[in-house]
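Working through the structure, step by step
What follows is the residue order along each chain.
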Amino acid sequence: MDTIKVGVVGLGFIGPAHIEALRRIPGIEVTAISHHTREKAEAKAAQLRIPRAYTDFYEMIDQESLDAVHICTPNHLHYPMAKAALEKGIHVICEKPLAVKLEEAQELVELAAKKGLVNAVHFNIRYYPMVRQMKMLREKGDLGEVFSVLGSYLQDWLFYATDYNWRLEPEQSGDSRAIADIGSHLIDLLEYVTGRKVTQVMADFNTVHQTRKKPLKPVETYSGKMLQPEDYADVPIRTEDHATVLLRFDNGNKGSVTVSQVAAGRKNRLSLEIAGSKQTLSWCSETPNELWIGHRDEPNQVLLRDPALFYPEAAALVAYPGGHNEGFPDTSKQLFREVYAAIRGDQREAPLYPTFADGYRELLLCERIVESNHKSSWVSV
Ligand code: SOE
């Protein structure tokens, strides 16, 4: 395989980010895109200099000889599109959450294995070098036993009742919204870094805006557009703006996470603090190149991102020396580097990148969290 040919479906907020990251990896060409209206598909193809534009994903995978597809559509389309691509023998990189129902995710895991195709979920937060360093500090024993976990993921782009997006609608997002949209990253990350499995959850959701102003025309994610009364209709909201979840881990210890999409001033802030028997690690996505390391008997430390100070597994995700900051766009590039190495045939026994099996695991936790909120009781995973 010389140049790997790729198609991308869904050109809202994250699709173009996938394309930009792919263009930073040698030997990959995005030859086609698919988007829901002809006008927008052609405009995006012209803007991004992509040879061909489609409005029908299934036509795109029929007509193009693609090696891989990236699925960046609203959540409810992930399953049918991933299934169709796998059936045609195309490798799939899918946005999170992998599907809206657990059975769908299960079917995709099995189908990808049966076909022997590379399958990945875009849990890109794993690819901040400092996150991998945290994982290595745990694996190498520096952290010690995990005593407790404190996580949060806070945003404000849905703060006002006039803020609207497809993620607010269960028909497109699934039964949950804040948990499915941003909780998915946090839930995946905390098991990835701690190496512990969540065994039980107790959740409490809140929909702050019971009614929102739905625009009469679609609004893009993060558009920040202030709507006027003539632009919208009042609609009831059935997905959560905020959720708090208590967690029990397989080592008997505990944690909690809070997610909110109505936290003014918190633009896109994931924070993870793990207290271990030897030290505490605390990291935040808004200052991703710093790790706070807490000690009981000596001064606390701040580790700055520097490959020379990292374990080799974390240094492998760093492209520039210390002091040359890397951020959000670099995470997708690093994730895709590992995925495309596998597509080129560098098959490891256990892939480092997040696979459909990880997507299934996250969805399982998400479903149990929704169930727990519904029943107002602890639910086993
Ligand atoms: C919107 O909440 C969103 O775009 C998420 O869907 C992404 O996963 C996150 O990276 C940024 O915010």
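It should be emphasised that the depicted structure is a prediction, and the values quoted were computed from it without experimental measurement.

Counting residues in hydrophobic clusters, the biggest one holds 45 residues, and the most contacted among them are I179, L272, W283 and L291. For this core, the leading source of residues is helix α8 (residues 178–194), giving 9 residues. Every residue in contact with L291, bar those within four places of it in the chain, is listed here: M130, M134, L137, L281, S282, W283, Q301, V302 and L303. If you look at the next biggest cluster of nonpolar residues, it comprises 31 residues, including F57, M60, I61 and L86.

The next subject is the site of the ligand. Neighbouring residues of the ligand: 13 residues in total, closest K96, Q155, D181, H185 and Y222. A distance of 2.9 Å is found between an oxygen atom of the ligand and a side-chain nitrogen or oxygen belonging to K96. For the ligand, an oxygen atom lies 2.9 Å from a polar atom in the side chain of H185. Look at the ligand: alone it shows 310 Å² of surface, and the protein chains cover 95% of it. For the shell around the ligand, the secondary structure elements donating two or more residues are β7 (146–155) and α8. It is α8 that provides the largest number of residues to the shell around the ligand, a total of 3 residues.

So, about the side chain of N119. With respect to the secondary-structure elements, N119 resides in strand β6 (residues 119–121). Reaching out from N119, the side chain makes a polar contact with the backbone oxygen of L117 at a distance of 3.0 Å. At 3.0 Å, the side chain of N119 and the backbone nitrogen of F356 are in polar contact. Ignoring anything within four residues of it in the chain, the contact list for N119 reads V92, A112, Y353, P354, T355 and F356.

Before going further, it helps to spend a moment on the environment of D241. By secondary structure assignment, the location of D241 is in the loop between β10 (232–236) and β11 (242–249). You can call D241 buried: its relative accessible area is 0%. Between the alpha carbons of D241 and G174 there is a distance of 14 Å; along the sequence they are 67 residues apart. Looking at D241, its side chain comes within polar contact range of the side chain of R177, at 2.8 Å. From its side chain, D241 meets the backbone nitrogen of V208 in a polar contact 2.8 Å long.

In this fold, S282 is placed in strand β14 (residues 280–284). At 3.0 Å, the side chain of S282 and the side chain of E273 are in polar contact. Not counting residues up to four positions away in its chain, the partners in contact with S282 are L272, E273, L291 and W292.

What counts, and where the lines are drawn
- Residues numbered from 1 in each chain as written.
- Predicted model: local features only at pLDDT ≥ 70, side-chain atom pairs only at ≥ 80, totals over all residues.
- Heavy atoms only, no water.
- Core = buried A, V, L, I, M, F, W, Y, C linked by side-chain atoms within 4.5 Å.
- Buried < 20%, exposed > 50% of the residue type's maximum accessible area, 1.4 Å probe, protein only.
- Helix = DSSP H or I, 4+ residues; strand = E, 2+ residues; numbered from the N terminus.
- Contact = heavy atoms within 4.5 Å.
- Near = heavy atom within 4 Å.
- Polar contact = N/O pair within 3.5 Å; in protein donor to acceptor, adjacent residues only side chain to side chain.
- Areas by Shrake-Rupley, 256 points an atom, 1.4 Å probe, with all protein chains shown as cover.

Honestly, that's just the spatial picture; any functional story needs more than this.
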